[in-house]
Amino acid sequence: MLFLAKAGGIAILVWFYMTAKKHGQSPIKWVVIGLMGYWIAWWAVKLTVLAPIVGMFSKNFTMVFIVTQIPALCAIAAAYFVRKKLLADLPSNDEQN
C-alpha cells in the first residue's frame, strides 16, 4: 500500500541528485536534504492527518487505498518547496565570478 511513498522517495532522490549536478553543487548533500524533507513530511502527515481519517473508511478497501496515499502526495509537495528553497539559496552567477 505504500507504493506511491516508495516511488516518491526514489523520484525525490533522483530529482535532487540531478538538480545538484546541474547547478554544480554537492549531490549527496542535496539528496540527504531532499529525502529528509520528504520523509519528515510523510511521517508528520501520516501521524496527524491519516490516523484519524483512515478509520472512517475501514469497510471500503478502495477508499482506504486512496486515503493512505495522502501522506505521499503531501511529502512530494514538501520536497518541491525544499528544492525551491535550495535553488533560491544558490549564489547567482555574478556572485560566483
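Up top is the structure these notes are about.
Analysis parameters
- Residues numbered from 1 in each chain as written.
- Predicted model: local features only at pLDDT ≥ 70, side-chain atom pairs only at ≥ 80, totals over all residues.
- Heavy atoms only, no water.
- Helix = DSSP H or I, 4+ residues; strand = E, 2+ residues; numbered from the N terminus.
- Rg over C-alpha atoms; globule rule 2.2 N^0.38 Å.
- Contact = heavy atoms within 4.5 Å.
- Areas by Shrake-Rupley, 256 points an atom, 1.4 Å probe, with all protein chains shown as cover.
- Polar contact = N/O pair within 3.5 Å; in protein donor to acceptor, adjacent residues only side chain to side chain.
- Patch = residues over 30% accessible without salt bridge, like charges linked within 9 Å, V, L, I, M, F, W, Y side chains within 5 Å.
- Salt bridge = Lys/Arg side-chain N within 4 Å of Asp/Glu carboxyl O.
- Buried < 20%, exposed > 50% of the residue type's maximum accessible area, 1.4 Å probe, protein only.
- Phe/Tyr/Trp six-rings, centres within 6.5 Å; stacked < 30°, edge-to-face > 60°.
- Core = buried A, V, L, I, M, F, W, Y, C linked by side-chain atoms within 4.5 Å.

### Here we look at the overall build of the protein chain
Looking only at helices and strands, one finds 5 helices and 0 strands in the protein chain. From first element to last, N terminus to C terminus, the protein chain shows the α and β order α-α-α-α-α. Taking 2.2 N^0.38 as the reference for a compact globule, 97 residues should give roughly 13 Å; the C-alpha atoms of the protein chain span a radius of gyration of 16 Å, well beyond that estimate. Seen through its principal axes, the protein chain has C-alpha atoms that stretch 60 × 20 × 15 Å. Considering only contacts within the protein chain whose residues lie at least 6 apart along the sequence, 67% involve residues at least 24 apart. Accessible surface, the protein chain: about 6,500 Å² in total, of which carbon and sulfur atoms supply 71%.

### Structural notes on the side chain of Gln69
Relative to the assigned elements, Gln69 resides in the loop between helix H3 (61–67) and helix H4 (70–88). Within the local environment of Gln69, its side chain forms a polar contact with the side chain of Thr68, the two groups lying 3.5 Å apart.

### What to know about a nonpolar patch on the surface
Residues Ile10, Leu13, Val14, Tyr17 and Met18 make up a contiguous nonpolar surface patch of roughly 460 Å² in combined accessible area. For Met18, the position within the fold is in helix H1 (residues 3–22). Taking the relative accessible area as the measure of exposure, Met18 reaches 52% and is therefore exposed.

### A short note on the packing of aromatic side chains
Two numbers describe a pair of aromatic rings. These are the distance of the centres and the angle of the planes. Evaluation of the coordinates by the stated rule reveals 6 aromatic pairs. Ring geometry for Trp39 versus Trp42: centroids 5.7 Å apart, planes at 80°, classification edge-to-face. Here Trp39 pairs with Trp42, and both are found in helix H2 (residues 27–54), just 3 residues apart, close to one helical turn. A ring pair is formed by Trp42 and Trp43, whose centres lie 5.0 Å apart and whose planes are at 85°; its orientation type is edge-to-face. Judged by its relative accessible area of 44%, Trp43 is partly exposed. Three or more aromatic residues link up through ring pairs in this structure, and these residues are Trp15, Phe16, Tyr80 and Phe81.

### Re the nonpolar core
Ranked by internal contacts, the top residues of the largest apolar core, which has 15 residues, are Ile12, Phe16, Trp30 and Tyr38. Counting residues per element, the ones that place at least two in this core are H1, H2 and H4. Per element, the largest residue contribution to this core is 6 residues, and it comes from H2. Leave out the neighbours within four places in its chain, and Trp30 touches Phe16, Thr19, Ala20, Gln25, Leu86, Leu87 and Leu90.

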